[in-house]
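Below are the chains, spelled out letter by letter.
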Amino acid sequence: MKLTWNGEITSVQPRFRLLRSFDQRHHTYLGYAIRVRGRIGERDGEAWFGVGKAAHQKYQFEVGQAARGQAQPVADPRLEPVDYYKVSRLDIEPRANSPDSPPPWYGPAPSIDVYRQRGHRRLAARSYGSRSCSACIWGVRMPVEIILDQWKPDQKRFRYETFCYGPKSCPLYRPGPTRKVPGRRGMTYEEEDWVDIEETSHRGSDD
Ligand code: SF4
C-alpha cells in the first residue's frame, strides 16, 4: 500500500549501501535520499524517501523545494537509509530558496559519479545527527551489511555508518572513532585513518 506525502525538502543526499567483509568493502549505488518535512500519510513529521537517478536528473531536488508524491514503506529497513521508496506521482516545485552560505552545502546534489570520484571519509555519528551534516549534500548515512565469514555468507550483521564526501577543510567535520568490523572466530578489523587519507588523497583541502 502506498501512502501520500507532501511538504518541504529538508535534505538531499546520496542513497548508497555498504557491504563489508573484514577489510574489504563494496558500495551499491541506489540513487538519492530526500528528506521531507510535512504531511506523511496520516501524520505530521519528517521522513526520508528514496528516489532514482533519473528522477534527480529531471527534478534537481534541493533543500527548500515543495514536493508531493506517493511512496511505499521499505521492505527491509536494515538495507535502506530511507523510510519509503518506490516513489511515484511526484510533483516538485521547480525553484527552491535554499540558503547559500556553506557549510552545510545545499542546492542540487551532484551526480552519483561525482560522489564516487570524490571518495568519502568517516563522519562521526554525532556530527551527522546535527541538523547541519544530515542536511548537507556531502553527508550520507549508509546501511551496512557485514559478512562475518566469507565461507558462511549467511552469517551477517547490520548497522549504519555515516560518511562525508565534502571538502576536507569543512570546519564542521569530525571523524569520530575508527570503525571496527567483526570477522570470523572473534577477529576484528580496524579501519584506520590511512584508509580515509588514501581514499581522498586526490583532492585538495578545499575541494
Ligand atoms: S562535515 Fe561534511 S557533511 Fe558535514 S557540513 Fe561539512 S561537508 Fe557537509
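It should be noted that the structure appears before, not after, this text.
Notes on the structure in this doc start here.

Cut-off values and rules
- Residues numbered from 1 in each chain as written.
- Predicted model: local features only at pLDDT ≥ 70, side-chain atom pairs only at ≥ 80, totals over all residues.
- Heavy atoms only, no water.
- Phe/Tyr/Trp six-rings, centres within 6.5 Å; stacked < 30°, edge-to-face > 60°.
- Helix = DSSP H or I, 4+ residues; strand = E, 2+ residues; numbered from the N terminus.
- Buried < 20%, exposed > 50% of the residue type's maximum accessible area, 1.4 Å probe, protein only.
- Lys NZ or Arg CZ within 6 Å of the ring centre and 35° of its normal.
- Near = heavy atom within 4 Å.
- 1 Å grid on protein atoms, 1.4 Å probe; cavity = no way out; pocket = protein on both sides within 12 Å on 5 of 7 lines; lining within 4 Å.
- Sits in = over half its atoms within 2 Å of the grid points.
- Points joined across faces, edges and corners; volume = space filled by probe spheres on them.
- Nonpolar A, V, L, I, M, F, W, Y, C, P; charged D, E, K, R; others polar.
- Polar contact = N/O pair within 3.5 Å; in protein donor to acceptor, adjacent residues only side chain to side chain.
- Salt bridge = Lys/Arg side-chain N within 4 Å of Asp/Glu carboxyl O.

Per the stated rule, a full pass over the model turns up nine aromatic pairs. Ring geometry for Phe16 against Tyr115: centres 5.9 Å apart, planes inclined by 90°, an arrangement best described as edge-to-face. Taken together, the residues span a long stretch of sequence, with Phe16 in strand E1 (residues 3–21) and Tyr115 in helix H2 (residues 112–118) at a distance of 99 residues. Residue Phe16 is classed as buried on the basis of its relative accessible area, which comes to 0%. We note Arg118 situated over the ring of Trp138; from NZ or CZ to the ring centre the distance is 4.3 Å.

Here we come to the site of the ligand. If you check the shell around the ligand, you find Pro104, Trp105, Cys133, Cys136, Trp138, Gly139, Cys164, Gly166, Cys170, Leu172 and Tyr173 and nothing else. Assessed atom by atom at 2 Å from the grid points, the ligand resides in the largest cavity.

Approximately 220 Å³ is the volume found for the largest pocket. Considering the residues around the largest pocket, the lining is formed by 14 residues, among which Tyr32, Lys53, Gln57, Ser111 and Ile112 are closest to the centre. For the lining of the largest pocket, the elements supplying multiple residues, two or more each, are strand E2 (24–40), helix H1 (53–59) and H2. The greatest single-element share of the lining of the largest pocket, amounting to four residues, is contributed by E2. Each residue belonging to the lining of the largest pocket can be placed in one class, and the counts come to six nonpolar, five polar and three charged.

Attention now goes to the side chain of Glu191. Considering the arrangement of structural elements, one finds Glu191 in strand E10 (residues 188–191). Residue classification places Glu191 among the buried residues on the basis of a relative accessible area of 5%. A distance of 2.9 Å separates a polar atom in the side chain of Glu191 from a polar atom in the side chain of Arg20. Within the structure, Glu191 has its side chain in polar contact with the side chain of Arg25 (distance 3.1 Å).

A few words on the pattern of salt bridges. Applying the stated criterion across every chain, the model contains 17 salt bridges. Across the pair Arg25 and Glu199 runs a salt bridge whose closest N-O atoms are separated by 3.0 Å. Taken as a pair, Arg25 in strand E2 and Glu199 in helix H5 (residues 193–199) lie far apart in primary sequence, 174 residues in all. Accessibility expressed as a relative area gives 27% for Glu199, which makes it partly exposed. A salt bridge links Arg184 to Asp149; the shortest N-O distance between them is 3.7 Å. With Arg184 in the loop between strand E9 (179–182) and E10 and Asp149 in the loop between strand E7 (139–147) and strand E8 (156–164), this residue pair connects regions lying 35 residues apart in the sequence. Exposure remark for Arg184: the relative accessible area of 31% places this residue in the partly exposed category. Classification of Asp149 by relative accessible area gives buried; the value is 8%. A network of salt bridges, in which partner residues are shared, links Arg20, Arg25, Arg159, Glu161, Arg179, Glu191 and Glu199.

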